[in-house]
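As a plain string of letters, each chain reads:
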Amino acid sequence: RRRTTPHYRIPLPHHLLRTYAHLPPLSRRTYLHYLRATTYLISDCVIYSLGPILILLASGILCGLSYSFFAVVLPLMCPREDGGGGRDGGGVSLTVTSACHTIWVVFLIVNAVFNYAACVGTSNVGKKYERVVRELAEVTEFAYPETEEEMGEFKRRYDRKIMEGRRRLAVEVQQGLASDGPVYGWMLLGPQDWGFCRATNQPKPPRAHFDHVSKSLVLNMDHYCPWMFNVIGYFNYRYFTNFLFYAFIGMVYGAIITFRPFRNIDNDLFREQVRLSKERGFKEVEHLLPLVPIPKERTLVIFSFMICASVGIAVGALLMMHIYFILTGQTTIEFYANFTKRRQAHRRSTSYINPYDLGYKRNWQQAYGSGHPLLAILPSLREPEFLPVPIAGERGRRHPKRGDGVGKHRVMGNERLPFIA
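Rules of the game
Residues numbered from 1 in each chain as written. Predicted model: local features only at pLDDT ≥ 70, side-chain atom pairs only at ≥ 80, totals over all residues. Heavy atoms only, no water. Helix = DSSP H or I, 4+ residues; strand = E, 2+ residues; numbered from the N terminus. Buried < 20%, exposed > 50% of the residue type's maximum accessible area, 1.4 Å probe, protein only. Contact = heavy atoms within 4.5 Å. Areas by Shrake-Rupley, 256 points an atom, 1.4 Å probe, with all protein chains shown as cover. 1 Å grid on protein atoms, 1.4 Å probe; cavity = no way out; pocket = protein on both sides within 12 Å on 5 of 7 lines; lining within 4 Å. Points joined across faces, edges and corners; volume = space filled by probe spheres on them. Nonpolar A, V, L, I, M, F, W, Y, C, P; charged D, E, K, R; others polar.

Take the overall build of the chain next. If you tally the helices and strands in the chain, you get eleven helices and six strands. The proportion of buried residues among the 421 residues of the chain is 43%. Pairs at least 24 residues apart make up 67% of the contacts formed inside the chain by residues separated by at least 6 positions. Counting only carbon and sulfur atoms, one obtains 63% of the accessible surface of the chain, whose full area is about 22,900 Å².

In the Ramachandran plot, Glu141 falls in the positive-phi region, its phi being about 60° despite a non-glycine side chain. Locating Glu141 in the fold gives a position in the loop between helix H4 (127-139) and helix H5 (148-174). Even without glycine at this site, Asn220 takes up a positive phi of about 50°. Residue position: Asn220 is located in the loop between strand S4 (216-218) and strand S5 (223-225).

Applying the stated criterion across every chain, the model contains one cavity of 30 Å³ or more. When its volume is computed, the largest cavity comes out at roughly 320 Å³. Forming the walls of the largest cavity are 21 residues, and the residues nearest its centre are Arg207, Asn220, Tyr237, Gln366 and Ala367. The element contributing the most residues to the lining of the largest cavity is helix H10 (residues 360-368), with three residues. For the lining of the largest cavity, the per-class residue count stands at ten nonpolar, eight polar and three charged.

Here it is as structure tokens:
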């Protein structure tokens with residue numbers, strides 16, 4: 001019987017009923033357990049509820065910056081020679097410079113909006129999740145449990161493997177070869193070992209994790225992003241990093257073109273423009289000096305520069321971090337695990353190498369495909385080209401050709417295949 005990943009439901013009423021329907025005696029340990037469970041539940045609900053609010057906020061920022069560019073900044077950079085509209089402010093001159101600025105901004109807006117919408121709207125569950133899981137199980141020669149008996153047998157084998165791993169870890173801690181820190185069950189498995197997800201009661205593919213906010217099992221889970229109102233994983237990670245890239249480029253560009261108008265909002269040039277407007281008999285301050293805003297434009301100039309500068313710094317730092325993750329073949333969750341394993345390897349006087357790191361080029365292809373890098377960052381709704389786990393040669397590609405030997409020998413359990421051909 002096929003098992004599908006459950007869709008998200010509003011968790012608060014459902015889980016409160018499940019949690020408190022049959023309360024055991026409130027010992028100290030039980031009290032702390034329910035207190036911790038309730039705290040996690042409330043925090044998950046709050047994070048989930050922030051999603052629509054942050055989407056509206058992001059949309060408002062984008063609309064505000066777009067309006068500021070076309071209504072204020074572009075006329076300041078490319079004013080019409082005749083003044084273009086009297087006291088209402090100068091219009092935009094139809095020149096090559098103004099056309100280039102306009103095309104560039106429209107290009108950034110289209111790409112940012114496309115990748116943001118794709119990241120928000122791309123689901124990490126459903127039929128495509130099942131399809132990729134089946135492909136991965138076939139390539140890794142993992143016999144996916146189809147019956148309750150097979151599922152129970154696999155779960156027992158998984159529990160025994162985790163218990164053995166924890167016993168070995170406890171011995172290493174006593175010998176001083178490992179730190180006594182939190183170690184999750186998936187950290188005790190091999191790079192191609194399948195785990196078991198107790199929340200969804202189904203096998204957990206390598207690199208997959210259960211997201212407590214969206215209540216779903218996610219391939220290559222990176223993190224839950226409230227700004228995207230979605231969990232970032234295998235199917236939408238490219239959209240997420242592309243959005244960060246175009247948002248960062250846009251913020252840097254916006255900060256550069258608004259820097260001079262921002263400096264001129266209250267300096268000698270601004271006061272000179274006010275004086276000249278009075279001398280020429282204008283009832284209101286007019287555009288008489290280049291890149292000097294009039295009083296009613298100062299709010300938009302300040303808003304644009306401050307947003308572009310602050311958001312650009314934050315998004316730039318996040319973008320650099322995820323570019324590093326892509327080029328080194330790891331997710332945010334795996335970065336923590338790799339750090340822990342390197343520290344334990346250092347205690348043993350050995351070295352640890354990330355098994356998913358296949359080199360910069362192949363790591364990039366795992367996320368963006370084998371096409372040209374410049375074309376890979378353009379708008380596209382294509383699914384990832386490679387499987388979530390790096391596999392040697394053509395076996396690692398989605399939809400392998402028939403006759404390549406995939407699936408001829410299947411066994412119950414976890415089998416490791418070579419990562420590099």
